[in-house]
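Next come the chains, spelled out residue by residue.
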Amino acid sequence: MKQAWINSRIAVLMGCFIALFYPLITQAAGNSIVTVDVGGVGQYTSIALDAQGNPVVSYYDAAKTTLKVVHCFEKNCALFNAITKPDPAGQAGKYTSLMLDSNGNPVVSYYDQTNSNLKVIHCGNSSCLSGNTMTSPDIIGNVGQYTSLTLDSKGWPVVSYYDVTKGVLKMLHCGNAACTSGNNIATPDIMSSNGVQSSIKLNALGNPVIAYFDFTQSALKILRCGNAQCTAGNSITTPDSGGDVGRYPSLAFDSNGNPVVSYLDLTNGKLKILHCGNATCSSGNTIVTPDMSQTVGYYSSLRLDAAGNPVVSYYDSANGDLKVLHCGNATCSTGNTITVPDTVGTVGQYTSLILDAMGNPVVSYYDASKGALKVLHCATPTCSLNTTVVSDGSNHVGQYSSLKLDANGNPVVSYWDEANGDLKLLHCGNASCTSGNSIKSPDTTGNTGWDTSLALDTNGNPVVSYYDFTASKMTLMHCTDPTCSGAKSITKPDVLSKRHTSLALDATGHPVIASAGQADQGLRIVHCGDANCSANNTTTSPDFPAFPFQSDIRGVSLALDANGNPVVSYYRADQQQLKILHCTDPACAAQNNSIATPDPNAKAPSHRSTSLTLDASGNPVVAYHDSANNVLKILHCGNPNCTAGNTIMSPVVNAGIELDPSIKLDANGNPVVSYAANTGLQILHCGNATCSAGNTIAAADSAGNTGWDSSLALDASGNPVVSYYNATGMNLRVLHCGTSTCQ
């Protein structure tokens, strides 16, 4: 069927200039980069997405000195793209800007080099194959460079551009869809030489707003037109004039109609983001420099995501790379992610960016090394590749790690410093832990910090349970600030609680801790009476051995059900059994707690690790190591007590499974598990809720003997973030995957 469709397309297109181009495709962590056209092409790109989400790009063919338009037949431009030269006249096609009309047909503004005129083409179909209308709406002097185009509510073009002869910004508002009559041309700023590089959008009233570069003042300017033709009531502000600033502006509006602009600070070689405080940019503005690398910010293109946060593509001139910035908030003041999705050769000039339906960037740009047009389609909103960072490079640190994400999505990790016998806490400065990290040693008394379990209170302050080896007691620390730099409370709430701690906070912020008790106490549950476990605590032993026998509790993992009642998976090594405890009250003090043995045939005397979470129905889902059969298993209980309807799958078999898997559920309820194998850290992403089909396994970090003591969280996009111990380097590492499967 597909081949028949392709053959019919070819038959229809015979006699027209069109290239059905076989693209060159590269993949990186889910991002696709396609070389769409080659041979001295790809400058002055402008991109839009059709109704199916397929890219349409206008660009300049420098070899043939002509305008080109490509319409991709699928989202990544990886299949039989239609490439046309819609303007038969030579020497035309620089400074393109493209929009799609209501029928999906391209409208392009560009510069006619031969006649030094502004041109506008309105294509007759989606690939510009026939029915095109070309006009030259401004032919007075040398006009039409640096065009920026939008369409009004009627679909009529509105274009900002540069008049070389007069050295000023001009604005065209066409009188119809083809710009053949009724056009109005305004010159709204004649006070200086300006208009080289502009970006135009229409506000809620349909009036143009233009960001542009004033090269007399070397400043960024914002023009807000008073009417649709820019002939009256205009306001002009200069929100940034510090040095040579304002080149390559790209404009969008926030939800309040206030301009947001990306642009180049040439003096300092930096990308800048302006977020105006009002519609005219006359007050309340914020200006930030989100990328402190040298010589970045050329050819910027900006959009706002669904949350109103800027996403910007731009060129790193120092390294010859394409970059993508995804801001962490509306002003780009915190939580930013900067990725470098293409570094092969000199790439990233003339960028144009749009966001697909999932908020993932799609970028057209120029590959100067190959003289080619490229299209990047990111697999995630941040275009992130997997980042693996040695977050604490000290020797012998990183065992027993526990990870949570703060309100900005930045990892917070508790772990053991073996070299000094201390508890350590890492608070990352960004989502990938690549800058601004804080590392503290909040408890240095004796040999302490084993078996850590971390939670964050409502203020983002760490709460950590751990084992003090010197005192032979479970310990709880509650910090009073997010980095544990200031005061903290350290208590030992139960003298009988020992190792393998697992912590959660109840609805009032009081810690609940499951751990191994001393040998004659079995599993121990502490429900704290306050946030610091300093008073009114309750302690119980819901699974203990009959006197005079001793228990051996390992692999403890705790969650709280909807009523705040503890649910715990653990391994009774003395009985060689995986067990699931579901308490009937928050303190586990009642006598009718449920204790299930859901996998009685998988007996082994060696250490078995467990990790537990609850599905949307409150049913336990547990990842554990079946050392008898050398498999990673996933238990999905059929009810909250695991007494019926359970499924047990072995999605990873004979892979040298090591200790300490960590499990979370994605937005669809499918398990995601980090674990260590003999090949390093692995990430399992199950294809369904029981891991019975569609599973993927990614080798996330194979640099040495790594992946021990993993702790997993999922970021806002569902991408895994994992802390773990690298035994080869004897250090703590943090992985942030760029896709949900880490592939």
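Chains are numbered independently. Their residues run from 1 in the order of the written sequence. The model is predicted, so local features are restricted to residues of pLDDT at least 70 and side-chain atom pairs to those at 80 or more, both for listing and for counting; the totals for chains, interfaces and linings are taken over all residues. Hydrogens are left out, water is left out, and the side-chain values use all remaining heavy atoms of the structure.

1. Structural notes on the overall build of the chain
Move 1: Helix and strand counts for the chain come out as one helix and 58 strands.
Move 2: Only protein chains enter the accessibility calculation, which uses a 1.4 Å probe. A residue is then buried if its area is under 20% of the maximum for its type, exposed if over 50%, and partly exposed in between. When each of the 743 residues of the chain is scored for burial, the buried share is 60%.
Move 3: Across the chain, contacts joining residues at least 24 apart in sequence account for 44% of those joining residues at least 6 apart.
Move 4: For the area figures, the Shrake-Rupley method with a 1.4 Å probe applies, and any residue is considered shielded solely by the protein chains shown. As displayed, the chain has an accessible area near 26,300 Å², and 50% of this comes from carbon and sulfur atoms. A run of H or I in DSSP counts as a helix once it spans at least four residues, and a run of E counts as a strand once it spans at least two, with each numbered from the N terminus. By definition, residues are in contact when any of their heavy atoms lie within 4.5 Å.

2. Observations concerning the packing of aromatic side chains
Move 1: Working definition: a ring pair exists when centres of Phe, Tyr or Trp rings (six-membered ring for Trp) sit within 6.5 Å. Plane angles under 30 degrees give stacked, over 60 give edge-to-face, the rest tilted. All chains considered together, the criterion is met by 20 aromatic pairs.
Move 2: Judged by centre distance (6.2 Å) and plane angle (55°), the ring pair of Tyr299 and Tyr315 falls under tilted. Of this pair, Tyr299 sits in strand β24 (residues 296–304) while Tyr315 is found in strand β25 (residues 310–316), placing the two residues 16 residues apart along the sequence. Take Tyr299 and Tyr315: they sit in the same class, and that class is buried.

3. Some remarks on the environment of Gln52
Move 1: Checked against the element boundaries, Gln52 lands in the loop between β4 (41–49) and β5 (55–61).
Move 2: Take Gln52: its relative accessible area is 52%, and that puts it in the exposed class.
Move 3: For the pair Gln52 and Ala357, spaced 305 residues apart in sequence, the C-alpha separation works out to 9.6 Å.

4. Quick look at the sheet that holds strand β14 (residues 168–173)
Move 1: Think of it this way: DSSP has to see at least two bridges between two strands before they count as a pair. The four strands lie next to each other as β12-β13-β14-β15, forming an open sheet whose pairing is antiparallel. Pairing within the sheet leaves two strands with one partner each, and these edge strands are β12 (143–151) and β15 (184–186). Looking at each pair of strands side by side, their axes are set apart by 20° on average, direction ignored. In this analysis an axis means a line fitted to C-alpha atoms, helices contributing only their contacting stretch, and an angle means the value between N-to-C directions, from 0 to 180 degrees.

5. Here we look at the pairing of strand β21 (residues 259–265)
Move 1: In terms of residue burial, β21 counts as a mostly covered element, since seven of its seven residues are buried.
Move 2: Where strand β20 (residues 245–253) and β21 come together, six bridges link them in antiparallel fashion. Bridging from a neighbouring strand, Val245 pairs with Asp265 of β21.
Move 3: Here β20 folds back onto β21, and the loop between the two strands holds five residues, one of which, Gly257, carries a positive phi near 80°.
Move 4: In this structure, β21 lies alongside strand β22 (residues 270–275), joined through six bridges in antiparallel fashion. Paired with Asp265 across the two strands is Lys270, which belongs to β22.

6. Quick notes on the state of the cysteines
Move 1: Here, two cysteine sulfur atoms that lie within 2.5 Å of each other are counted as a disulfide. Under the counting rule described, the total for this entry stands at 14 disulfides.
Move 2: Each sulfur of the disulfide joining Cys428 and Cys433 lies 1.9 Å from the other. Measuring the twist about the S-S bond at about 80°, one finds the Cys428-Cys433 disulfide to be right-handed. Both residues of the pair, Cys428 and Cys433, belong to the buried class.
Move 3: For Cys528, the disulfide goes to Cys533, at an S-S distance of 1.4 Å.
Move 4: On the basis of relative accessible area, Cys528 is assigned to the buried category, the value being 2%.

7. Quick look at the side chain of His275
Move 1: Here His275 shows up in strand β22.
Move 2: Residue classification places His275 among the buried residues on the basis of a relative accessible area of 9%.
Move 3: Two N or O atoms count as a polar contact when they lie within 3.5 Å, although within protein this holds only if one can serve as hydrogen donor and the other as acceptor, and sequence-adjacent residues are included solely when both atoms are side-chain atoms. Here Ala330 takes part through its backbone oxygen, which lies 2.8 Å from a polar atom of the side chain of His275.

8. Section: the pattern of salt bridges
Move 1: Basic side-chain nitrogens of Lys or Arg form a salt bridge, by our definition, when they fall within 4 Å of a carboxyl oxygen of Asp or Glu. Taken as a whole and assessed by the stated rule, the structure comprises 27 salt bridges.
Move 2: A salt bridge links Lys323 to Asp316; the nearest nitrogen and oxygen atoms lie 3.4 Å apart.
Move 3: By relative accessible area, Asp316 is classed as buried at 1%.
Move 4: Overlapping salt bridges bring together Asp543, Arg572, Asp574 and Lys579 as one network.

9. Examining the environment of Gly257
Move 1: Summarising the element assignment, Gly257 is placed in the loop between β20 and β21.
Move 2: For Gly257, a relative accessible area of 27% gives the class partly exposed.
Move 3: Between the alpha carbons of Gly257 and Leu202 there is a distance of 9.9 Å; along the sequence they are 55 residues apart.

10. Description of the sheet that holds strand β34 (residues 422–427)
Move 1: Pairing in this open sheet of four strands is antiparallel, and the strands run β32-β33-β34-β35 from one edge to the other. Two strands close off the open sheet at either side, each with one partner strand: β32 (397–405) and β35 (438–443). Mean inter-strand twist for the sheet, computed between neighbouring axes without regard to direction, equals 25°.
Move 2: Bridge analysis of strand β33 (residues 411–417) against β34 gives six bridges, and the strand direction is antiparallel. In the sheet register, Val412 faces β34, and the bridge partner there is His427.

11. As for unusual backbone geometry
Move 1: Despite not being glycine, Cys179 shows a phi value in the positive range, around 60°.
Move 2: As for its placement among the helices and strands, Cys179 is situated in the loop between β14 and β15.
Move 3: The residue Met730 is not glycine, and still its phi comes out positive at about 55°.
Move 4: For Met730, the location among the structural elements is in the loop between β57 (720–726) and β58 (731–736).
Move 5: The partly exposed category is assigned to Met730, whose relative accessible area is 26%.

12. Comments concerning the confidence of the model for the chain
Move 1: For every residue, the predictor reports its confidence as pLDDT, a number between 0 and 100. For the chain, the average pLDDT comes to 91, and 94% of its residues sit at 70 or higher.
Move 2: Ignoring residues within four places in sequence, the model shows residues 1–29, a span with pLDDT below 50, making 55 contacts including any to other chains.

13. Focus on the pairing of strand β16 (residues 194–202)
Move 1: With respect to burial, β16 is a largely interior element, eight of its nine residues being buried.
Move 2: One ladder, built from seven bridges, connects β16 with strand β17 (residues 208–214); its direction is antiparallel. When the sheet's bridge partners are listed, Ile200 is paired in β17 with Ile210.
Move 3: Linkage of β16 to β17, two consecutive antiparallel strands, is achieved through a turn of five residues, within which Gly206 is found at a positive phi near 85°.

14. A look at the environment of Thr96
Move 1: With respect to the helices and strands, the residue Thr96 is situated in strand β8 (residues 92–100).
Move 2: You can call Thr96 buried: its relative accessible area is 7%.
Move 3: Along the primary structure Thr96 and Ser148 are separated by 52 residues, whereas in three dimensions their C-alpha atoms are 7.6 Å apart.
Move 4: Contact partners of Thr96, with chain neighbours within four places excluded, come to Tyr44, Thr45, Ser46, Ser58, Tyr59, Leu67, Val108, Ser109, Tyr110 and Thr147.

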